[in-house]
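Fold and geometry: a report
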Amino acid sequence: MKKTLFLVTILFSTISFAQDTYLHCGKIIDTKTGKVLSNKTIIVSNNMIKAVQDGFINPTNALDKAIDLKTKTVMPGWIDMHVHVEEETSPTHYGDEFTLNDADIAFNSIGYAKTTLMAGFTTVRDLGGTGINVSLRNAINKGKVVGPRILTAEKALASTGGHADPTNGYRKDLMGNPGPNEGVVNGVDDAKQAVRQRYKNGADWIKITATGGVLSVAKSGTNAQFTQEEMDAIIATAKDYGLQVAAHAHGDDGMQRAIKAGVKTIEHGTEMSDATMDLMIKYNAYYIPTLSAGSFVAEKALIPNYYPAIVVPKALAIGPRIKATFAKAYKKGVPIGFGTDAAVFPHGENAKEFIYMQEAGMPAMKTIQAATIVNATILEMEKKIGALEVGYLADIVATNDDPTKDITTVTNVVFVMKDGIVYKQL
């Protein structure tokens, strides 16, 4: 009897006196209204936002703690809709696939994940790797590894010779004939099998390479690479399995096929025409511009031997054009999210995308909303992340200055909380 009473007492004490965290915020960005609010206290309990109150409220429980962010601007953790956490650009990148083991890739990904979180990105969508991204997601969810919340496409889907064909550029005796298991599709049956394999492998999303790409060792960066029938089969099968589809696309024909098939997002969108923009509005497809990647590849293409010779003309032609397309799409009213293509440039520099978006004509507040409430909506997590409201996950970041007045402050994040745990506090 005494032992039972003791256990009940311990349990009651744990429930009654669980530690809460009081964040004293000088400014808060309300992503739903687009307003900057002053002098607020966010109370975090476990991994959730328990309250948002006016003024600076002090803890009443001795076990609770207060964090002073009175000189900072506080906002929801950012969401990057296009990253590749398994890899990162380097002059040796194209040879690394022949020298790195899966274990090497896994260890590298741990560092990239932590760097991304410390830059203020508490949620990311990984749009293609070897499949190690699924294990990384799981390790982060279990608290074994520090990193952002990951929703992953596992391995991107390609056609033979297409942008995500894993053996592009190999000599013939190594090239083989990869198929649906490796994410290579030729025909409707392959399309269905490839989607189902991604589901079996643990994917949260499906990613297709609707057109050629810049960095693949293949000639075209813009040609359509799936038939309409193949795309229709991919989207229909993904829908059956509860998965949304993202489409890498630079060329206009591939974009139109993907939008008509029902993709949720178009990545890059370099040669997007007015007609395609109209289709995106009609079908409520979101544009993820990846301006950071476009800027980086155009710069690095000028360095001899940084990229293979076949990549250089594509990087010089496509990279600089994305910003102009983005500016036009924004003015036209195309739904726009936030995504960077991190790995094409170094992880941790994701926040430069805010600056590029503002330079191209999107107001600073709109860029922050794109990286929070808009992206949360795309991920169908709009009731969990993207806003500082009661009942939302405690994903919170802070900057020294107000980014609506000086957008460059986003590149210096001074506070990061994810799921109620403080990972960075300067």
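Residues numbered from 1 in each chain as written. Predicted model: local features only at pLDDT ≥ 70, side-chain atom pairs only at ≥ 80, totals over all residues. Heavy atoms only, no water.

UniProt feature "domain: Amidohydrolase-related" (unreviewed entry): in the numbering of this structure it lies at residues 73–421. In this annotation, residues 73–421 is assigned 38% helix and 15% strand; the end-to-end C-alpha distance for the span is 19 Å. (UniProt positions renumbered as here; feature names shortened; annotations may be inferred. Helix = DSSP H or I, 4+ residues; strand = E, 2+ residues; numbered from the N terminus.)

This part covers the packing of helix H13 (residues 352–359) against helix H14 (residues 364–378). The description of two helices packed together rests on the angle between their axes and the distance between the axes. In contact at an axis separation of 9 Å, H13 and H14 are set at 135° when each is read in the N-to-C sense. In terms of axis orientation, H13 runs oblique to H14. Once H13 is placed against H14, the crossing between them reads as right-handed. Contact residues: H13 offers Phe354, Met357 and Gln358, while H14 offers Ala364, Thr367, Ile368, Ala370 and Ala371. Tallied by class, residues from the contact of H13 with H14 come to 6 nonpolar, 2 polar and no charged. (Axes fitted to C-alpha atoms, helices over the stretch in contact; angles between N-to-C directions. Parallel < 35°, antiparallel > 145°, perpendicular 65-115°, else oblique. Left-handed = near helix turned anticlockwise from the far one by under 90°. Contact = heavy atoms within 4.5 Å. Nonpolar A, V, L, I, M, F, W, Y, C, P; charged D, E, K, R; others polar.)

Let us now look at the sheet that holds strand E15 (residues 413–418). Ordered by their spatial adjacency, 7 strands build an open sheet running E3-E2-E1-E4-E14-E15-E16, and the pairing between neighbours is mixed. Lying at the two open borders of the sheet, with one neighbouring strand each, are strand E3 (48–54) and strand E16 (421–425). On average, each strand axis in the sheet is tilted by 30° relative to the strand beside it, whichever way the strands run. Two elements, E15 and E16, share 4 bridges in a ladder whose sense is antiparallel. What sits directly across from phenylalanine 415, in E16, is glutamine 425. Running over the sheet, helix H3 (residues 102–118) touches E15 and E16 and is turned about 110° from E15. (Pairing = 2+ DSSP bridges.)

A few words on the pattern of salt bridges. Going through the model one piece at a time under the given rule, you end up with 15 salt bridges. Residues glutamate 389 and lysine 32 are paired through a salt bridge, measuring 3.2 Å at the closest nitrogen-oxygen approach. In this pair, glutamate 389 is assigned in the loop between H14 and strand E14 (396–399) and lysine 32 in the loop between strand E1 (20–30) and strand E2 (35–45), connecting sequence segments 357 residues apart. For the salt bridge of aspartate 419 with arginine 149, the shortest nitrogen-to-oxygen distance reads 3.2 Å. Of this pair, aspartate 419 sits in the loop between E15 and E16 while arginine 149 sits in strand E7 (residues 149–152), and the two are 270 residues apart along the sequence. Judged by relative accessible area, arginine 149 falls into the buried class, the value being 11%. Because the salt bridges share partners, they merge into one network encompassing Arg149, Asp395 and Asp419. (Salt bridge = Lys/Arg side-chain N within 4 Å of Asp/Glu carboxyl O. Buried < 20%, exposed > 50% of the residue type's maximum accessible area, 1.4 Å probe, protein only.)

Here the focus is the packing of aromatic side chains. Per the counting criterion, the structure on display carries 8 aromatic pairs. Considering the side-chain rings of tyrosine 306 and tyrosine 307, the 5.0 Å spacing of their centres and the 90° angle between planes classify their relative orientation as edge-to-face. The class for tyrosine 306 is buried, based on a relative accessible area of 9%. Tyrosine 307 gets classed as buried once you look at its relative accessible area, which sits at 7%. Taken together, the aromatic side chains of Trp78, Phe121, Phe338 and Phe354 make up a single cluster linked through ring pairs. Taking NZ or CZ as reference, lysine 70 lies 5.1 Å from the ring centre of phenylalanine 56, over its face. Against the face of tryptophan 205 rests arginine 125, its NZ or CZ located 4.6 Å from the ring centre. (Phe/Tyr/Trp six-rings, centres within 6.5 Å; stacked < 30°, edge-to-face > 60°. Lys NZ or Arg CZ within 6 Å of the ring centre and 35° of its normal.)

Taken in spatial order, the 4 strands line up as E10-E11-E12-E13 in an open sheet, and their pairing is parallel. Edge strands, defined here as strands with exactly one partner in the open sheet, are strand E10 (205–209) and strand E13 (286–288). In this sheet, adjacent strand axes meet at a mean angle of 25° when their direction is disregarded. Helix-sheet contacts for helix H7 (residues 228–240) involve E10 and strand E11 (244–249), and the interaxial angle to E10 is about 170°.

Moving residue by residue along a regular strand, the side chains alternate between the two faces of the sheet. Where E1 meets strand E4 (residues 65–76), 7 bridges bridge the pair, whose relative direction is parallel. Among the inter-strand pairings, lysine 27 is bridged to a residue of E4, identified as threonine 73. Two strands pair when backbone bridges link them, and E4 and E14 are joined in this way by 4 bridges, in the antiparallel orientation. Residue pairing in the sheet places valine 74 in a bridge with alanine 398 of E14.

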